[in-house]
Amino acid sequence: MKAVFLDRDGVINKERGEYTYRLDDFELIGEVATAITMIKSRGFKVIVITNQAGISRGLYTVEQMKACHAILQEACQGLVDDIYYAPLHPSVSESLARKPGTLMFERAIVKYDIDTTSSWMVGDKMRDLIPAKALGIKTILVGDQPMGKEADYHRKDLFSCLDLID
Ligand SMILES: [Mg+2]
C-alpha cells in the first residue's frame, strides 16, 4: 500500500498562527477536497498526521478537534482514511509521537502495511518532513517557509502537489 501523509494546519485548513479548534476557525484551503479525491483515485491511502498539543494544555478537547475533522471528512466524502494526532506538549510530557518524532507515522505504516518509498508527506513546516524523511518517505514542503534539507520538493499548496504524486 502507498500513502500520502498530510499535515493538517497549513496544508488542509488555513494556518492561523495559533491553535485551531473552533468550527468557525477551521477553514479549508481551496481545492483541498478535490486534491484529496484525486490522490485517492490514484490508489493512495490519505492519512493526516497532526500535532495537537493544545489538548494536553487544556485549551480544547478531543471532541472539539474531532468536530473539526468531521468538517474535513464531510467536504471530501469521508475519503480521509485515518487521522493521527499527538496531544502532548513538551511542557506536559515529552512524546515520541509529536512531530518531529516518528511514532504516528510508524503506527500508520504498520496498520496499513505502507511502502514508505512509494509514499509522500506534505507539510508546511520542516518539523513535518523530518520524521517522514527519516522513514524513507518522499517529502513536499508547501507554503512560505524556507526549504530545509529534508524537503525533496516545494509547491504552493496541496493541489499543486498533484503533478508529483502519482
Ligand atoms: Mg502545519
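Before going into details, it helps to say that this report is about the structure given with it.

Definitions and limits used
Residues numbered from 1 in each chain as written. Predicted model: local features only at pLDDT ≥ 70, side-chain atom pairs only at ≥ 80, totals over all residues. Buried ≥ 20, exposed ≤ 12 C-beta atoms within 10 Å, placed from the backbone. Helix = DSSP H or I, 4+ residues; strand = E, 2+ residues; numbered from the N terminus. Contact = placed C-beta atoms within 7 Å. Core = buried A, V, L, I, M, F, W, Y, C linked by C-beta atoms within 7 Å.

**Section: helix α4 (residues 126-134)**
Within the sequence span of α4, burial applies to Asp128, Leu129, Ile130, Pro131 and Ala132. In the core, the buried residues of α4 are packed alongside β1 (2-6), α3 (103-112), β4 (120-123) and β5 (138-142). Count one or two residues on from α4 and you reach Gly136, which has phi positive near 85°.

**Thoughts on the nonpolar core**
Residues Val4, Phe5, Trp120 and Val122 are the most contacted members of the largest nonpolar core, which totals 35 residues. Contributions of two or more residues to this core are made by β1, α1 (32-41), β2 (44-51), β3 (82-86), α3, β4, α4 and β5.

**Brief notes about the environment of Leu141**
Mapped onto the elements of the fold, Leu141 is located in strand β5. Taking the number of C-beta atoms within 10 Å as the measure of exposure, Leu141 has 23 and is therefore buried. Setting aside chain neighbours within four positions, we find Leu141 in contact with Gly123, Leu129, Met147, Ala151 and His154.

**Concerning the environment of Gly10**
Considering the arrangement of structural elements, one finds Gly10 in the loop between β1 and α1. When the C-alpha atoms of Gly10 and Lys125 are compared, they prove to be 8.6 Å apart, with 115 residues separating the residues in sequence.

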